[in-house]
Amino acid sequence: MGINKTSILIFAGLLISIRVHAQDKRYIPIGHTKYKDTILVTHPDTTFEKDVFDVIGSIFGESKKPGKVDSVTSKPVISIIPAIGYTLQTGLAGTISGNVIFRLAPDTRISTITVNPAYTQNKQVIVPIQSNIWSKNNKYDFIGDFRFYKYPQSSFGLGSNSDRDNENPLVYSFFRFHETVLRNVSGNFYAGLGYIFDDRWDMYEKGQLNGKTSDYERYGPVSRAISTGITFSGLYDSRDNPINASRGFYTSLQYRDNYTFLGSTTAWRSLIVDVRKYFRFPESSDNVLAFWSYNWLVINGRPAYLDLPATGHDPSFTTGRGYIQGRFRGAQMVYLESEYRFKITRNGLLGGVAFVNGESFSAAPGTALQTVQPGFGAGLRVKLNKVSKTNIAIDYGFGREGSKGLFINVGEVF
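Residues numbered from 1 in each chain as written. Predicted model: local features only at pLDDT ≥ 70, side-chain atom pairs only at ≥ 80, totals over all residues. Heavy atoms only, no water.

As annotated in an unreviewed UniProt entry, the chain carries the name BamA/TamA family outer membrane protein and comes from Mucilaginibacter gossypii.

Here you go:
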């Protein structure tokens, strides 16, 4: 969850890293990927990896003898971190972020379930649950996205030329059910269908703080909007780890067709193209140079205002570090980011990143893309779980017009 420049984040005194898995297992290569889907220390002369669990254990005199990092098996590996945050928008916010990773069979890819529920002082409720489950022999991939929000959020108008002074608090409740089933076609390539249902209700604006007419009002406000239909998806994934990739290539295409006969308020279509590439740089090191392109395009029709592409509204809420969630919104979104990830300590407990991104939005459907808005910053990585390679990501980003803020995530941004 992105936190703006007024925020303070305090980690709760409890850090939980639960390891429930077989000991001393070697990795098992998965048949289709170029890189082995595993987490192991590969160089015997390097310092053995440590995580938060090891640090807590050493404090209480429970440190273990050095040993290799275990591989992921059919028994779940759970990483959880409670935290307390504060922003002017939410007041105090309590959240529990975590993930579960496992394999359904020895020869399958790593499956993941991610949860990040939060409750705020302003009685906002945020409950996202995402899953990516691989079947035996990687024949099928089941991708789920379930969310419930009772979530006031500010909008600043349409397009990437929108003015920050046009802040307009919007209030709504939101429920999402997305489920996609992909089948292996060949090698690392998958294709399939999905069902998608988004329901926003009790929607209204409080009005722009500067008293001017808002883009929300001009666009066409409604109190409820349902968007439901069928998705057609393709996936290519050769990453060595879905939680924290160091090598490989990922690309996902999702074509969404919303139908009024299924209950959609209006008929509209969109396309999302998500492309990621990871390199070891230098090749002999554990440092990673990563690139991400996320493009979200309304092809035709007129979605409800809050269904339009927006900053930080990708599935992981992570686009646009340097800007508050929802800062830019429009019918077309083009986004590019690069990040360099490096170790600070040899045992992997601490790491760092430097990143730069750029995003461009059009305004209402049928309009052209506007100015590219840049963001950049740096961050700290703390190894929460060395088995899954899950990091606590703490980033500070900067954007234009004095925009800046703290961004917290469990797992890498992309």
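Caption draft 1: Layout of unusual backbone geometry. Here the residue pair F281 and P282 is connected by a cis peptide bond, since its omega of -5 degrees sits within 30 degrees of zero. When you line up the elements, P282 lands in the loop between β15 (268–280) and β16 (288–301). If you check the backbone angles, N138 has positive phi at about 60 degrees while not being a glycine. By the secondary structure assignment, N138 is in the loop between β8 (125–134) and β9 (140–150). (Helix = DSSP H or I, 4+ residues; strand = E, 2+ residues; numbered from the N terminus.)

Caption draft 2: Region of the structure containing the pairing of β16. Relative to β16, β15 runs antiparallel, the two sharing 13 bridges. In the strand pairing of β16, R280 is matched with V288. Where β16 and strand β17 (residues 332–343) come together, 10 bridges link them in antiparallel fashion. Bridging across to β17, A290 finds its partner in E339. (Pairing = 2+ DSSP bridges.)

Caption draft 3: Quick peek at the side chain of S362. Topologically, S362 is positioned in the loop between β18 (350–361) and β19 (373–385). By relative accessible area, S362 is classed as buried at 0%. From its side chain, S362 meets the backbone nitrogen of A331 in a polar contact 3.4 Å long. If near-sequence neighbours (up to four positions away) are discounted, S362 is found in contact with L158, G159, R329, G330, A331, Q332, T367, A368, L369 and Q370. (Buried < 20%, exposed > 50% of the residue type's maximum accessible area, 1.4 Å probe, protein only. Polar contact = N/O pair within 3.5 Å; in protein donor to acceptor, adjacent residues only side chain to side chain. Contact = heavy atoms within 4.5 Å.)

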